[in-house]
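The lines below spell out each chain.
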Amino acid sequence: MGGAVVDEGPTGIKAPDGGWGWAVLFGCFVITGFSYAFPKAVSVFFKELMREFGIGYSDTAWISSILLAMLYGTGPLCSVCVNRFGCRPVMLAGGLLASLGMVAASFCRSIIQLYLTTGVITGLGLALNFQPSLIMLNRYFNKRRPMANGLAAAGSPVFLCALSPLGQLLQDHYGWRGGFLILGGLLLNCCVCAALMRPLEAPRSGSGPGPQRPARRLLDLSVFRDRGFVIYAVAASIMVLGLFVPPVFVVSYAKDLGVPDTQAAFLLTVLGFIDIFARPTAGFITGLKKVRPYSVYLFSFSMFFNGFTDLTGSTASDYGGLVVFCIFFGISYGMVGALQFEVLMAIVGTQKFSSAIGLVLLLEAIAVLIGPPSGGKLLDATHVYQYVFVLAGAEVVASSLVLVLGNFFCIRKRPEAAVEEEEHQPPADVRADSREVEHFLKAEPEKNGEVVHTPETSV
């Protein structure tokens, strides 16, 4: 978007776009799957929790809400930890916390204790894994980054399709306490993924020291000076208000139309199956040379497509119409999931991405806590599901317009003097010595004296 930058990792290190990066991609795939699917997968235990503790559905639903709130709302904390300690140590600690929370939850005697263990501790652990994994993916991939983001994002629907049946199986055989204990053991795989996040090392020339790394703030608020980031953050926050609403209400919508419970639940299976293939496909298409310069507009189109699908889905009057809605919603939802962090990476670059994603997730956390409940209140007031889908669609369409219009009018038409000043002024925090210059001249002689265009900088 506008002033995007080239991501070559820490100073002096070029993204390998392969090699060990494929192991990092696999780890990111698993972490993304656990982070997004786990809050939904634990819902299979809600009925047994209601029966044991004598509580209502709204009380148990707070478990998933707290999990999501921790995943999104602790973004700045994760940014500070990553900038202070690095990605791998933070992820190892997060994996242990996520596992510890579920193991402790299996011994809980009240719903409040479950809020603290499953919600807060496990949610914090997943957050400490999710954000650093995306940062490492950004450092290992540049040319193939859109495809890598799409493949990593596919972990969410794949794990959702796997964890929900597994949770039901564990509950049937071991009860909710045994199921939580086993799920806690599964979350230790986050530590294995953390071990895959090997830091990139700067190349050394002879016996001299490698390139110096620029000084880094624990939380870089200077990203708010980037108009591209501000526009992205505003659009993403509006989008999240309505993005997660249809999957929450589509099953109840089908039941309200008289569809049997089994067929109604199958709608989510259709949506998830389409989503699995939509995410890597969207990432592959975005990575094409002729498409990547317009990734921001493709992201805006995916948001508009998703909102328009919600608006047309509100007119569905039978089960067939809802199946068609879920197919198109799965395509658009997968496109959004594959592109959202790819576009953010292109806007702020590697050095500021750890702070930028934390701040964006914090803003989205507020929207996550407002979106579905507001849809529920609208439903309680009107008892008409169509209004809920219209509201969600309008919010997502509005976010797409904010992104595309903001990019077109505020980014592309910057003052020429400011653009020229940015192009000729070197970064203040990057210091190059003679060894770095010599290494650059030897390593990339074909680029010396030429203006090198990249897909991001051409937007």
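The following refers to the structure shown.

About the cut-offs
Residues numbered from 1 in each chain as written. Predicted model: local features only at pLDDT ≥ 70, side-chain atom pairs only at ≥ 80, totals over all residues. Heavy atoms only, no water. Buried < 20%, exposed > 50% of the residue type's maximum accessible area, 1.4 Å probe, protein only. Helix = DSSP H or I, 4+ residues; strand = E, 2+ residues; numbered from the N terminus. Arc of directions from axis to C-beta. 1 Å grid on protein atoms, 1.4 Å probe; cavity = no way out; pocket = protein on both sides within 12 Å on 5 of 7 lines; lining within 4 Å. Points joined across faces, edges and corners; volume = space filled by probe spheres on them. Salt bridge = Lys/Arg side-chain N within 4 Å of Asp/Glu carboxyl O. Phe/Tyr/Trp six-rings, centres within 6.5 Å; stacked < 30°, edge-to-face > 60°. Core = buried A, V, L, I, M, F, W, Y, C linked by side-chain atoms within 4.5 Å. Axes fitted to C-alpha atoms, helices over the stretch in contact; angles between N-to-C directions. Parallel < 35°, antiparallel > 145°, perpendicular 65-115°, else oblique. Contact = heavy atoms within 4.5 Å. Nonpolar A, V, L, I, M, F, W, Y, C, P; charged D, E, K, R; others polar.

A few points about helix H2 (residues 46-53)
And step 1. Among all positions of H2, only Phe46, Glu48, Leu49 and Phe53 are buried. Along the axis of H2, the buried positions cluster into a sector of 160 degrees, meaning they face one direction only. Those residues of H2 that are exposed and angled more than 90 degrees off the buried face are Lys47 and Arg51.
And step 2. Where H2 ends, the next residue or the one after it, Gly54, has phi of about 65 degrees, a positive value.

Here's the deal with empty space enclosed by the protein
And step 1. Summed over the entire model, instances satisfying the criterion amount to two cavities of 30 Å³ or more.
And step 2. Empty space within the second largest cavity amounts to approximately 40 Å³.
And step 3. Among the secondary structure elements, those contributing two or more residues to the lining of the second largest cavity are helix H14 (319-382) and helix H15 (385-411).
And step 4. Broken down by element, the lining of the second largest cavity gets its largest block of residues, four residues, from H15.

Quick notes on the pattern of salt bridges
And step 1. Using the criterion set out here, one finds four salt bridges in the structure.
And step 2. The partner of Glu342 in a salt bridge is Arg292, with the nearest N and O atoms 3.9 Å apart. With Glu342 in helix H14 and Arg292 in the loop between helix H12 (261-286) and helix H13 (295-313), this pair connects stretches of sequence that are 50 residues apart. Judged on exposure class, the residue Glu342 and its partner Arg292 are both buried.
And step 3. Bridged by salt links that share partners, the residues Arg145, Arg292 and Glu342 form one connected network.

Comments concerning the packing of aromatic side chains
And step 1. Applying the stated criterion across every chain yields a total of 21 aromatic pairs.
And step 2. Ring geometry for Phe224 against Phe229: centres 5.4 Å apart, planes inclined by 75 degrees, an arrangement best described as edge-to-face.
And step 3. With a relative accessible area of 0%, Phe229 lands in the buried category.
And step 4. Relative to Phe308, the ring of Phe304 has its centre 6.4 Å away and its plane inclined at 10 degrees; by these criteria the two rings are stacked.

With respect to unusual backbone geometry
And step 1. Backbone geometry places Asp17, a non-glycine residue, at a positive phi of 55 degrees.
And step 2. Along the polypeptide, Asp17 turns up in the segment before helix H1 (21-41).
And step 3. Classification of Asp17 as buried rests on a relative accessible area of 13%.
And step 4. One non-glycine residue with positive phi stands out, namely His383, at about 60 degrees.
And step 5. Assignment of secondary structure puts His383 in the loop between H14 and H15.
And step 6. Classification of His383 as exposed rests on a relative accessible area of 61%.

Remarks on the nonpolar core
And step 1. Ranked by size, the top nonpolar core spans 117 residues in total, and within it Phe34, Phe38, Leu114, Phe229, Phe299 and Leu344 carry the most contacts.
And step 2. Here the element with the most residues in this core is H14; it accounts for 23 residues.

Points about the packing of helix H4 (residues 75-85) against helix H5 (residues 87-105)
And step 1. At a minimum axis separation of 7 Å, H4 and H5 run at an interaxial angle of 130 degrees. Relative to H5, H4 is oriented oblique. Contacts between H4 and H5 involve Cys81, Val82 and Phe85 from the former and Cys87, Pro89 and Val90 from the latter.
And step 2. Considering only residue class, the contact of H4 with H5 consists of six nonpolar, no polar and no charged.

A look at the side chain of Thr74
And step 1. Turning to its location among the elements, Thr74 is positioned in the loop between helix H3 (57-73) and H4.
And step 2. Beyond its immediate sequence surroundings of up to four residues, Thr74 is in contact with Ala69, Leu124 and Ala127.

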